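Observations on the model geometry
This is what each chain is made of:
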Amino acid sequence: VHDLCAERRGKFTCDKRRDKQTIIAEMKPIYDYTNDRIDFESFGYQTETDELWTEEREPDDSVTARGIEFMKWLATRPENSI
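Heads up: these notes are all about the structure in this document. (Residues numbered from 1 in each chain as written. Predicted model: local features only at pLDDT ≥ 70, side-chain atom pairs only at ≥ 80, totals over all residues. Heavy atoms only, no water.)

Thoughts on the overall build of the protein chain
- Counting its secondary structure elements, the protein chain contains two helices and zero strands.
- Seen through its C-alpha atoms, the protein chain measures out along the principal axes to roughly 40 × 30 × 15 Å.
- Here the protein chain holds 82 residues, and 22% of them are scored as buried.
- In the protein chain, once contacts between residues fewer than 6 apart in sequence are set aside, the share between residues at least 24 apart is 79%.
- About 6,300 Å² of surface is accessible on the protein chain, with carbon and sulfur atoms providing 54% of the total.
- Each charge class in the protein chain was averaged separately, 13 positive and 19 negative side chains, and the resulting centres sit 1 Å apart. (Helix = DSSP H or I, 4+ residues; strand = E, 2+ residues; numbered from the N terminus. Buried < 20%, exposed > 50% of the residue type's maximum accessible area, 1.4 Å probe, protein only. Contact = heavy atoms within 4.5 Å. Areas by Shrake-Rupley, 256 points an atom, 1.4 Å probe, with all protein chains shown as cover. Lys, Arg positive; Asp, Glu negative; His and termini not counted. Charge placed at Lys NZ, Arg CZ, Asp CG, Glu CD.)

A short note on the side chain of R17
- Residue position: R17 is located in the segment before α1 (20-34).
- At 2.8 Å, the side chain of R17 and the backbone oxygen of T49 are in polar contact.
- Look past the residues within four positions of R17 in its chain and what remains in contact with it is D3, Y45, T47, E48, T49 and D50. (Polar contact = N/O pair within 3.5 Å; in protein donor to acceptor, adjacent residues only side chain to side chain.)

Notes on α1
- A maximum bend of about 55° is found in α1 at K28, where proline P29 lies one to four positions downstream.
- Among all positions in α1, only K20, I23 and Y31 are buried.
- Positive backbone phi, at 60°, marks N35, one or two positions downstream of α1. (Bend = angle between axes of the 7 residues up to and from the residue.)

A short note on the environment of R37
- You can see R37 is positioned in the loop between α1 and α2 (60-75).
- By relative accessible area, R37 is classed as exposed at 52%.
- When the C-alpha atoms of R37 and G67 are compared, they prove to be 25 Å apart, with 30 residues separating the residues in sequence.

Below, the structure written as C-alpha cells:
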C-alpha cells in the first residue's frame, strides 16, 4: 500500500507500517515464484521504518490533504486498471 493511502496515522500500532525487511521476508515465496519485486520508492517507502507514525492521532485536515496527494499520484500512474 502506498504511504499516502494509509487510513490514519498515529496512536494505534495497527496503523503503523511494517518495516521494509519484514515485508520482503513475508513476500519472499511470491518473489521466488514470480521474479517480481516491490518498488518501495514508487510507493512512498523512503525509510526502513515508519517514521511518520507517532503517538498522536493524525488530524482530519492532514488525512484529507494526504488523500488528495494520493489521488494526484494515482492520476500519474500508467495502469488502466488498478
